[in-house]
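Survey of secondary and tertiary structure
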Amino acid sequence: MEYQGKELETGIFKEATEEELFLSFTNLKGDGQADLRYHGGKDKAVCVYPFEHYAYWEDQLNRPLSFGAFGENFTSLGLLESEVCIGDIFAVGSSILQVSQPRQPCHKLAKKFNVTDLAAQVQDTGFTGFYFRVLQEGFVNKTDSVILKERNEHQVTIHFANQLMHHDKGNQNGIQKILAVQGLSDSWFQTLSKRLEGQDHDTTPRMFGD
């Protein structure tokens, strides 16, 4: 895409498909990530975004939105951040998936919609969506249900994790609670472990670009 006279490479533009696709440990067949600093890898194989948020963003952005508008692989129904927990295990088609972390929106989303602070808006609302890692590769299609197979014992919701990561940064008990979750992504584990040691990371490059 072109943004302010510069060419940018991005995988954020998704199109709906009727085709059954193979889901590997790293991504869906035909999908790809351009910036591997913030996207991709086994902990972020599948990006999920709740359809329930679409009406809010259509109103905010003053435009209709089609499935995949937020760069997600799965546009879901019934998988809200207030209910889905890190470490939860789901079956989709013949694949088995595990929730690894909230989605952290980046500047490519803002550039796609030409709204400078859109990544910050998404983060602040908590309407972020989340990532799956793939425990068992398989085939998926748009008619598949997302079936909860195992609820993680710690029951740390995506909403709680978002609040702590972005707003309640000094909550050390909360950090310890998230770090105890088996299934938490390595990047979140590293970030929160460093925060316990008094270190915090700069989110400006992710949110607004270098």
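Refer to the structure printed above.
Residues numbered from 1 in each chain as written. Predicted model: local features only at pLDDT ≥ 70, side-chain atom pairs only at ≥ 80, totals over all residues. Heavy atoms only, no water.

1. With respect to unusual backbone geometry
Despite not being glycine, N62 has its phi angle at roughly 55°, a positive value. Mapping N62 onto the fold places it in the loop between α1 (54-61) and β5 (74-76). Even without a glycine there, the phi angle at Q155 is positive, about 50°. (Helix = DSSP H or I, 4+ residues; strand = E, 2+ residues; numbered from the N terminus.)

2. With respect to the packing of aromatic side chains
In the structure shown here, the tally under the stated rule is 12 aromatic pairs. Here F70 and F113 contribute two aromatic rings whose centre-to-centre distance is 6.2 Å and whose plane-to-plane angle is 40°, an arrangement assigned as tilted. With F70 in the loop between α1 and β5 and F113 in helix α2 (residues 107-113), this pair connects stretches of sequence that are 43 residues apart. Take F70 and F113: they sit in the same class, and that class is buried. Considering the side-chain rings of F130 and F132, the 5.4 Å spacing of their centres and the 90° angle between planes classify their relative orientation as edge-to-face. You can call F132 buried: its relative accessible area is 0%. The rings of Y49, F51, Y54, Y56, W57, F67, F70, F113 and F127 are connected pair by pair, giving a single aromatic cluster. The aromatic ring of F160 is capped on one face by K177, whose charged end is 5.2 Å from the ring centroid. (Phe/Tyr/Trp six-rings, centres within 6.5 Å; stacked < 30°, edge-to-face > 60°. Buried < 20%, exposed > 50% of the residue type's maximum accessible area, 1.4 Å probe, protein only. Lys NZ or Arg CZ within 6 Å of the ring centre and 35° of its normal.)

3. A few points about the packing of helix α4 (residues 158-166) against helix α6 (residues 186-196)
At a minimum axis separation of 12 Å, α4 and α6 run at an interaxial angle of 45°. Taken together, the axes of α4 and α6 lie oblique to each other. Where α4 crosses over α6, the handedness of that crossing is left-handed. Residue-level inspection shows A161, N162, L164 and M165 of α4 in contact with α6, the latter providing W188, T191, L192 and R195. Residues that form the contact of α4 with α6 fall into these classes: five nonpolar, two polar and one charged. (Axes fitted to C-alpha atoms, helices over the stretch in contact; angles between N-to-C directions. Parallel < 35°, antiparallel > 145°, perpendicular 65-115°, else oblique. Left-handed = near helix turned anticlockwise from the far one by under 90°. Contact = heavy atoms within 4.5 Å. Nonpolar A, V, L, I, M, F, W, Y, C, P; charged D, E, K, R; others polar.)

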